[in-house]
Amino acid sequence: MNEYHRLSVSEFVESFCGWAALTELVGMAKSERDRAFLAALFLTGGRAREALSLSKSNFEIREADGLILVRNMPLEKRYKKVEQITKADGSLGWRTEKMLKFRKPFPIVLKEPLAPVLTGWIEKSSGPLFPSPYKPESPLSRHWAYHMIRELDEDLPVSLRERLGVNRPFVAEGVKLAPHIHLWTHWFRSQRASQLVENYNYATEELIDYFSWEHYKTALTYAKRGWRGLAAKMQSPVAYI
């Protein structure tokens, strides 16, 4: 597969795949740690590096409320403009610096099917949830996450691939690059946004609040109701007069 073509959630995610397919996918991971990471990646809706950076201290399991409360989850890709510069082509641009920012507290419902996978791993952890075996004080790398998910993708049976929505040709700029698309980290992020819309009827403003997004357009990119969701909204009785 051509590694230089990125998979876009706006093009290759149609809607939430459903809990049955998602839990079957996570169950195929080779270890408890890998299953916990996939659960964290989906349930938090974070980027790979953000999910990998999580520690036990980020989670408050509130049994009485039926919730896991996630606090201070790091946010990647936040930059501030520092100095205006002139580029090599003569145009103006900005020198930027990375900002350390965190998501606002957000909940995960304990009744959701993947929550026990995550809470079981949290309870066994004492610090970082996904430490590197070579440097326990540091998390596993983003490269590890990509590699693990690609290996998982290679083992998918066709029937599950179809239910996950990844059994469609990988076409970019009119060129067929592969017989089908593969799983990628942002697929899980888009699935979570789409699930919040489908199961809880989250509005765009609520998605922005949940993910601590800065732009309205980001919510429109990640959250997909799909034709089934659109059809479901049309099932309530209507008087055609």
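First, a word on what this report is: a plain description of the structure on this page. No experiment lies behind these values; they were computed from the predicted model shown.

Let's shift gears to helix α8 (residues 185-200). Between its first and last C-alpha atoms α8 spans 23 Å; for 16 residues at 1.5 Å apiece the expected length is 22 Å, and the two agree. In terms of burial, α8 is largely enclosed, as 13 of its 16 residues are buried. Downstream of α8 by a residue or two, N201 has a phi angle that is positive, lying close to 55°.

Let us now look at unusual backbone geometry. In the Ramachandran plot, N72 falls in the positive-phi region, its phi being about 55° despite a non-glycine side chain. Its location among the elements puts N72 in the loop between β2 (67-70) and β3 (74-75).

We now examine the environment of F188. Relative to the elements of secondary structure, F188 occurs in helix α8. F188 gets classed as buried once you look at its relative accessible area, which sits at 0%. Taking the C-alpha atoms as reference points, F188 and G46, separated by 142 residues in sequence, lie 8.5 Å from one another. Those residues in contact with F188 that lie beyond four places of it in its chain are L25, L38, L41, F42 and I149.

Think of an α-helix as 3.6 residues a turn; residues three or four steps apart then line up on the same face. Among the residues of helix α9 (residues 204-211), those classed as buried are T204, L207, I208, Y210 and F211. For α9, the angular spread of the buried residues around the axis is 165°, confining them to a single face. Among the structural elements, α3 (32-44), β3, β7 (106-109), α8 and α10 (216-222) are those in contact with the buried residues of α9. Following α9 by one or two positions, S212 has its phi on the positive side, about 55°.

With that out of the way, let us pick up the layout of surface pockets. Looking at the second largest pocket, its volume works out to about 420 Å³. E14, S15, R163, G165 and R228 are the residues nearest the centre of the second largest pocket, which is lined by 22 residues in total. At the level of secondary structure, the elements contributing two or more residues to the lining of the second largest pocket comprise α7 (158-164), α8 and α11 (226-232). Taken together, the residues that form the lining of the second largest pocket break down as eight nonpolar, six polar and eight charged.

Calculation criteria
Residues numbered from 1 in each chain as written. Predicted model: local features only at pLDDT ≥ 70, side-chain atom pairs only at ≥ 80, totals over all residues. Heavy atoms only, no water. Helix = DSSP H or I, 4+ residues; strand = E, 2+ residues; numbered from the N terminus. Expected span 1.5 Å × (residues − 1). Buried < 20%, exposed > 50% of the residue type's maximum accessible area, 1.4 Å probe, protein only. Contact = heavy atoms within 4.5 Å. Arc of directions from axis to C-beta. 1 Å grid on protein atoms, 1.4 Å probe; cavity = no way out; pocket = protein on both sides within 12 Å on 5 of 7 lines; lining within 4 Å. Points joined across faces, edges and corners; volume = space filled by probe spheres on them. Nonpolar A, V, L, I, M, F, W, Y, C, P; charged D, E, K, R; others polar.

As far as function goes, none of this settles anything; it's purely spatial.
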